[in-house]
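The chain contents come next:
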Amino acid sequence: MMEVKQQTFKRRTMLYIPGNNPAMLQQGSVYGADGVLLDLEDAVALNQKDSARILVSHMLRYISYEGCEVTVRVNHIDTPFGLDDLKQIVPLQPDAIRLPKVETLDEISRIIRLIEEIEDEHQMPHDQMKVHVMIETALGVQNVYDIARYSPRIDAISIGGQDLAADMQLVKANDGVGIDYARKQIVMAAKACKIDVFDTVYVDVENEEGLRDEAEYIKKLGFTGKAIINPRQIEIVNEVFTPTEIEIRKAAKIVKAFERNKAEGIGVFAVDGKMVDAPVVKRALRVLEMADIDVETL
Amino acid sequence: MKNILQINIPEELDGIGKLEPFQGAFAKLKKGWMEEKTVPPPNKAKLPHSNKMCATLKEAIVKTKPYDGMTISFHHHLRGGDNLLVESIKILAELGIKDITLASSSLTSAHDPILPYLKDGTITQVYSSGIRGELGKAIAEGVLPKPCVIHSHGGRVRSVHTGRIKIDLAILAASASDIEGNATGSHGPSAFGSMGYAAIDSWYSKQVIVVTDNIVDYPCVPQSVTQNYIDFVVNVDSIGDPSKIAGGTTRITKAPMDLQIARLAAKVIEHSGELKEGFSFQVGAGGASLAVAKYIRKIMKQRTIKGSFILGGVTSYGVDMLNEGLFRSIFDVQSFDAAVSSSLMDNPYHIEIPAGLYANPFNCGCMTNKLDIVVLGALEIDTDFNVNVITGSEGYVRGASGGHSDTASGANLTVVVCPSFRGRIPIVKDKVHTIVTPGESIDVLVTERGICVNPNRPDLKNNLEERGIQVKDITDLAREVESITGKAKSIEVTDRVVGVVEYRDGSIIDVIHQVKM
């Protein structure tokens, strides 16, 4: 059974930033997103791929992203840019590297091997930089669990809804119905591997209510965060994924009761008439962690 | 001699006279009166049933008997759509008039076409609240033989009262006027709202021409300027470009950075202790400053707070807040869009005020004295919280003093909102290029990278920190910015002073040196 990952960053929101836009790159951390994704892939035109790679490399060296998790999305290994991206970005060891359009176990093993070879060349360990996989095709959805559990350094899966809808030849619709099964399958794989899972972008930037509704829905499905394409979306999604005051009070009550009962050697007890055992306590601790509440201060 | 901010000020300057060094925002006000004597308004006379109408602007100007060395004034309520100022200067130049002092309440890039007249001796001095575009560049490069004088809106009124600015001819655009010169900006095809900056010109100028594209039946109502001050009236085809005078409605910015800063500023205001029942409020006309109003509006509704008045500088956003009952009244010295003009016409609690009531410190209490919260922008701010809103990163004049120092001195809470750097140019830095508003008037700076409270407001710092808002030392923020942008080269200037920045009390807070070319 895989161990529960220790989180150092919250992952409610990940702001996508085109890797060839210096103004946006240098301001990426100020908007309150938990993470930034410096993109060398779909946000960058073909004739800008090299300059994006150079710019992002400089940014990683010189800009402090202050408390944000920094992820770089490289181009797929089978494109003319993918290998150069890995060779330049892996030695800079961002917090994570995101691999787009992963479809098969063979593919992920090939890419991770390459990453490790580059790390070996630079005498770097294999467990520092995390790997995120993006599932953006029907085949990827079918293979997601095998892909996700391939390596302990894979600590998040993300769904690429736009590409998936295209791959499935779905008629354009905003209600998410076509990709709903894929969402659920990907979440299940992530939960089985005990890793995080990001939902896809919400493209209608003007529609704040629609964004909130979608964020509420995917939270219920089990997603742990969402991709963000405009800073205006961050506050809404952060709010959805942040525990409410009621949730926090309830969690604090559970944890305090747990500590009390633990001291008396009691493992299962009741709070407000409901049974509390280890998994409930674990969930409560997670709520407090998401709310930035130090359990010691309770 | 040095002023209190340690800026070297010449004792006197050709073209201006003796200069007084700035000694603090309230140094002169504490006396309760102004040492400088005021001058009387002109004594005019007209025979009964005189005809003031002139067929053309040129005819009216000729009738005023213009002469070399005269001072001419305009208001800037037509904003980017003004062509009256340029037309008037062209006419004066054609008449061979030289050595004119131009004392428009402000200048924008719409006035760029008068640059040749700054070069050829037609105009030899400029008094203004703001100068932009090609004019600002040329003035910084030393095109004028006499230094320009930058003043605040309130300070301009003081200057006219004391005769520092002696207006010979005021040419005032109005969107509606009757044949006697009772005029307004609140209705008509070129409506622009309040004529707040024109009032002092109409009262004190030796001669006043009202120019309109909309003659209405006598009497024109309402009346921003009244017939007893008006010498001549001209009906022209158009006073300017209506689309650039007043847009439809002012929209809140969608720029993520501005919204982020505005959101943080609203949080600061909410927890400052100043956001309470009956508070008064002023924000800028756009960008992060106006966006703060969006968040404050939400908080006011959530906490059912009703404010006393909105002041300024008014946009349709302010009008919406008035109509929603969030504020009791608006005091309007300048209107920024078409929706504001109709509110001025229709709502008795939307009140037009002259610039002297708005911000002249030398009276029994201008409106800025009563202001609770103001949100202002900045081109630069230094680690002593001094603000530059007049010169840009190359040393050119490209902004306006406006109501910045006026409102900052009066408000209980002055919030400056700006990014910590723009592009690769630091905004928060050790020393600004030109000081317009002294740091003592600024309470808090809100940037995307940190909130900095003036050390002279420990109460505010406590309030914010108690409510979980992290406050950063401004010096640390300046260092952080420098670590991103690198240290900028100083702007190269000569010893020649091409402009003085007058504080609202008439003292000199800074000077503008000629940019080396």
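Since the structure is predicted, the reported quantities are computational estimates derived from the model, not experimental observations.

We now examine the overall build of chain B. Tallying secondary structure elements over chain B gives 15 helices and 29 strands in all. Its C-alpha atoms give chain B a radius of gyration of 22 Å, within 12% of the compact-globule value 24 Å for 517 residues. If you line up chain B on its principal axes, its C-alpha atoms span 70 × 55 × 45 Å. Taking all 517 residues of chain B together, the buried fraction comes to 61%. When contacts within chain B are restricted to residue pairs at least 6 apart in sequence, those whose partners lie at least 24 apart make up 72%. Summed over all atoms, the accessible surface of chain B reaches about 19,600 Å², with 51% contributed by carbon and sulfur. Looking at chain B, you have 54 positive and 57 negative side-chain charges, and the mean spots of the two groups are 2 Å apart.

All names here are of chain B. Read from one edge of the open sheet, ten strands run E3-E13-E12-E9-E4-E5-E6-E8-E28-E29, paired in mixed fashion. The outermost strands of the open sheet, each flanked by one partner alone, are strand E3 (53–54) and strand E29 (508–515). Pairing of strand E9 (residues 169–174) with strand E12 (residues 207–212), which is carried by six bridges, proceeds in the parallel orientation. Residue pairing in the sheet places Ile171 in a bridge with Ile209 of E12. Of the strands in this sheet, strand E4 (71–73), strand E5 (100–102), strand E6 (123–128), E9 and E12 are in contact with helix H2 (residues 84–94), which crosses E9 at around 145°. Each of E6, strand E8 (148–150), strand E28 (493–502) and E29 is contacted by helix H4 (residues 133–140), which is oriented at about 85° to E29, the strand it contacts most.

Our next topic: the pairing of strand E18 (residues 373–376) of chain B. Residues and elements named next belong to chain B. Alternating positions in E18 separate into two faces, Ile373 and Val375 on one and Val374 and Leu376 on the other, with burial throughout. Relative to E18, strand E14 (residues 281–282) runs parallel, the two being bridged by two bridges. Residue pairing across strands places Gln282 opposite Val374, the latter belonging to E18.

Residue and element names in this part refer to chain B. Position of Asn360 among the secondary structure elements: in the loop between helix H12 (355–359) and E18. Residues Asn360 and Arg158, 202 residues apart in the sequence, show an inter-C-alpha distance of 6.1 Å. Among all residues touching Asn360, those that are not within four sequence positions of it are Gly154, Val157, Arg158, His161, Ala355, Cys366 and Arg504. There is a polar contact of 3.1 Å between the side chain of Asn360 and the backbone nitrogen of Phe362.

Moving on: the interface of chain A and chain B. Opposite the 13 residues of chain A that make contact, chain B presents twelve residues. Taken together, both faces of the contact between chain A and chain B bury some 1,100 Å²; the carbon and sulfur share is 47%. Interface area lost by chain A to chain B is led by Val30, Tyr31 and Arg232 of chain A, which between them contribute 41%. Counting across the chain A and chain B interface gives two salt bridges. Of the charged contacts in the structure, one is a salt bridge between Glu235 of chain A and Arg263 of chain B, with a shortest N-O distance of 3.0 Å. Between chain A and chain B we count six residue pairs in polar contact (both at pLDDT 80 or more) in total.

The next subject is the packing of aromatic side chains. All names here are of chain B. For the structure on display, the rule yields five aromatic pairs over all chains. Where Phe279 meets Phe327, the ring centres are 5.3 Å apart and the plane angle is 65°; that geometry is what we call edge-to-face. Here the residue Phe279 occupies a position in the loop between helix H8 (256–270) and E14, and Phe327 occupies one in strand E16 (residues 327–335), the gap between them amounting to 48 residues. The same class applies to Phe279 as to Phe327, namely buried. A ring pair is formed by Phe281 and Phe327, whose centres lie 6.3 Å apart and whose planes are at 5°; its orientation type is stacked. Here the residue Phe281 occupies a position in strand E14, and Phe327 occupies one in strand E16, the gap between them amounting to 46 residues. Accessibility expressed as a relative area gives 2% for Phe281, which makes it buried. The class of Phe327 is buried, set by a relative accessible area of 2%. Taken together, the ring pairs in this structure connect Phe279, Phe281 and Phe327 into an aromatic cluster.

Moving on, we get to helix H7 (residues 180–193) of chain A. Residues and elements named next belong to chain A. Relative to the 20 Å expected for 14 residues at 1.5 Å per residue, H7 spans 20 Å between its end C-alpha atoms, a close match to the ideal helical length. Of all the residues in H7, the buried ones are Asp180, Ala182, Arg183, Ile186, Val187, Ala189, Ala190 and Cys193. Taken from the residues just after H7, Lys194 is the one with a positive phi, measuring 55°.

If you look at the biggest cluster of nonpolar residues, it comprises 117 residues, and the most contacted ones within it are Leu102, Ile114, Ile123, Ile171 and Leu445 of chain B. Here Ile114 of chain B is in contact with Leu85, Val86, Ile89, Leu102, Ile123 and Leu135 of chain B, once residues within four sequence places are set aside.

As a further point, take the domain arrangement of chain A. Each domain of chain A was delimited in the assignment, giving domain 1 (13–240) and domain 2 (245–297). If you average the C-alpha positions of domain 1 of chain A and of domain 2 of chain A, the two centres end up 33 Å apart.

We now examine the packing of helix H10 (residues 316–323) of chain B against helix H11 (residues 338–346) of chain B. All names here are of chain B. Interhelical geometry of H10 versus H11 gives an angle of 40° and a closest axis separation of 8 Å. Taken together, the axis directions place H10 and H11 in an arrangement best described as oblique. Side by side, H10 and H11 meet where Ser316, Val319 and Leu322 of the first sit next to Ala339, Val340 and Ser343 of the second.

A word on the environment of Asp459 of chain B. All names here are of chain B. Within the secondary structure, Asp459 is located in helix H14 (residues 458–466). Once the C-alpha coordinates of Asp459 and Lys58 are considered, the two residues, 401 residues apart in sequence, prove to be 59 Å apart. Only 3.0 Å separates the side chain of Asp459 from the side chain of Arg457, close enough to count as a polar contact.

This brings us to the pattern of salt bridges. Within the structure shown, the criterion is met by 55 salt bridges over all chains. Sharing partners across several salt bridges, the network here consists of Asp39, Glu41, Asp42, Arg73, Lys101, Glu136 and Asp163 of chain A.

All names here are of chain B. Position of Thr447 relative to the elements: it lies in strand E26 (residues 444–447). Among the residues examined, Thr447 registers a relative accessible area of 0% and is labelled buried. Within the structure, the side chain of Thr447 is placed 3.1 Å from the backbone nitrogen of Arg449, a separation counted as a polar contact. Of note is the side chain of Thr447, whose polar atom sits 3.0 Å from the backbone oxygen of Gly450. In contact with Thr447, other than residues within four places in its own chain, are Ile261, Leu264, Cys418, Pro419, Ser420, Val428 and Leu477.

For the rest of this paragraph, the subject is the confidence of the model for chain A. Residue and element names in this part refer to chain A. Across chain A, pLDDT averages 91, with 97% of residues at or above 70. Here strand E9 (residues 269–271) is the element of chain A with the lowest mean pLDDT, 80, and strand E4 (residues 96–99) is the one with the highest, 98. A low-confidence stretch, residues 1–7 (pLDDT under 50), is modelled with twelve contacts involving residues beyond four sequence positions or located in other chains.

In this section: the packing of helix H3 (residues 82–89) of chain A against helix H4 (residues 105–121) of chain A. All names here are of chain A. Remark: H3 packs on H4, axes separated minimally by 9 Å, with the N-to-C direction vectors making an angle of 40°. Considering their axes alone, H3 and H4 lie oblique with respect to each other. As for how H3 packs across H4, the hand of that crossing is right-handed. For the pair H3 and H4, contact is made by Leu83, Leu86 and Lys87 and by Ile111, Leu114, Ile115 and Ile118, respectively.

What counts, and at which threshold
- Residues numbered from 1 in each chain as written.
- Chains lettered and ligands numbered in written order.
- Predicted model: local features only at pLDDT ≥ 70, side-chain atom pairs only at ≥ 80, totals over all residues.
- Heavy atoms only, no water.
- Helix = DSSP H or I, 4+ residues; strand = E, 2+ residues; numbered from the N terminus.
- Rg over C-alpha atoms; globule rule 2.2 N^0.38 Å.
- Buried < 20%, exposed > 50% of the residue type's maximum accessible area, 1.4 Å probe, protein only.
- Contact = heavy atoms within 4.5 Å.
- Areas by Shrake-Rupley, 256 points an atom, 1.4 Å probe, with all protein chains shown as cover.
- Lys, Arg positive; Asp, Glu negative; His and termini not counted.
- Charge placed at Lys NZ, Arg CZ, Asp CG, Glu CD.
- Pairing = 2+ DSSP bridges.
- Axes fitted to C-alpha atoms, helices over the stretch in contact; angles between N-to-C directions.
- Polar contact = N/O pair within 3.5 Å; in protein donor to acceptor, adjacent residues only side chain to side chain.
- Buried area = accessible area lost by both parts, 1.4 Å probe.
- Salt bridge = Lys/Arg side-chain N within 4 Å of Asp/Glu carboxyl O.
- Phe/Tyr/Trp six-rings, centres within 6.5 Å; stacked < 30°, edge-to-face > 60°.
- Expected span 1.5 Å × (residues − 1).
- Core = buried A, V, L, I, M, F, W, Y, C linked by side-chain atoms within 4.5 Å.
- Domains from an automatic or database assignment.
- Parallel < 35°, antiparallel > 145°, perpendicular 65-115°, else oblique.
- pLDDT = per-residue confidence, 0-100.
- Left-handed = near helix turned anticlockwise from the far one by under 90°.

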